[in-house]
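A structural walkthrough
Each chain, written out:
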Amino acid sequence: MQVYLNGGYLEQESAKISVSDRGFIFGDGIYEVIRVVDNRFFREEEHLRRMDEGLHALGINLDSSQRSAIGEISRELISRNGLQKGEATIYLQIT
């Protein structure tokens, strides 16, 4: 299973976070889960708006290029993991 972490795609077993990550130390971060059926994202914009609200409440700022890349990254993960048919889940976690 491939994941996306800190700007790159890698195998899940190789994914590691720094011990100085604020989410690891203080638990401040957000997560959002988006259901995908046959490569169609369920209520994607509603999920991303809720994610934006959570980030704003925590004072975590994404620049516009980071924010706009989330959909592209999510679709690339679906493709890389061969999940275009059937059901899948995108789990976003931002710290």
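What counts and how
- Residues numbered from 1 in each chain as written.
- Predicted model: local features only at pLDDT ≥ 70, side-chain atom pairs only at ≥ 80, totals over all residues.
- Heavy atoms only, no water.
- Helix = DSSP H or I, 4+ residues; strand = E, 2+ residues; numbered from the N terminus.
- Buried < 20%, exposed > 50% of the residue type's maximum accessible area, 1.4 Å probe, protein only.
- Contact = heavy atoms within 4.5 Å.
- Polar contact = N/O pair within 3.5 Å; in protein donor to acceptor, adjacent residues only side chain to side chain.
- Salt bridge = Lys/Arg side-chain N within 4 Å of Asp/Glu carboxyl O.
- Pairing = 2+ DSSP bridges.
- 1 Å grid on protein atoms, 1.4 Å probe; cavity = no way out; pocket = protein on both sides within 12 Å on 5 of 7 lines; lining within 4 Å.
- Points joined across faces, edges and corners; volume = space filled by probe spheres on them.
- Nonpolar A, V, L, I, M, F, W, Y, C, P; charged D, E, K, R; others polar.

**Quick word on the side chain of His47**
Structurally, His47 is set in helix α2 (residues 44–58). Look at His47 and you get buried, because its relative accessible area is 12%. Apart from the residues within four sequence positions on either side, His47 is in contact with Glu32, Val33, Ile34 and Phe42.

**Overview of the side chain of Glu32**
Within the secondary structure, Glu32 is located in strand β3 (residues 30–37). Of the residues examined, Glu32 reaches a relative accessible area of 5% and is grouped as buried. A polar contact of 2.7 Å, which involves the side chain of Glu32, links it to the side chain of His47. Of the polar contacts made by the side chain of Glu32, one reaches the side chain of Arg50; its length is 2.4 Å. Once you skip the residues sitting within four places of it in the chain, Glu32 turns out to touch His47, Arg50, Met51, Ile90, Tyr91 and Leu92.

**Considerations on the pattern of salt bridges**
Inspection of the entire model under this criterion finds six salt bridges. In this structure, the salt-bridge partner of Arg50 is Glu32, at a minimum N-O distance of 2.4 Å. Here Arg50, found in helix α2, pairs with Glu32, found in strand β3; they are 18 residues apart in sequence, far enough to count as distant. Across the pair Arg75 and Glu44 runs a salt bridge whose closest N-O atoms are separated by 2.7 Å. On the criterion of sequence distance, the pair formed by Arg75 in helix α3 (residues 64–80) and Glu44 in helix α2 is long-range, its members being 31 residues apart.

**Digging into the sheet that holds β3**
One key point about sheets: their strands pair by backbone hydrogen bonds, in either a parallel or an antiparallel sense. Strand order in the open sheet formed by three strands is β4-β3-β5, with antiparallel pairing between adjacent strands. The open sheet is flanked by β4 (40–41) and β5 (87–94), the only strands paired with a single partner. Bridge count between β3 and β5: eight bridges; the pairing is antiparallel. Within the sheet, the bridge partner assigned to Ile30 lies in β5 and is Ile94.

**Focus: the layout of surface pockets**
Approximately 1,200 Å³ is the volume attributed to the largest pocket. Lining the largest pocket are 37 residues; nearest its centre among them are Tyr4, Leu5, Asn6, Gln93 and Ile94. Broken down by element, the lining of the largest pocket gets its largest block of residues, seven residues, from α3. Per-class residue counts for the lining of the largest pocket are 20 nonpolar, 14 polar and three charged.

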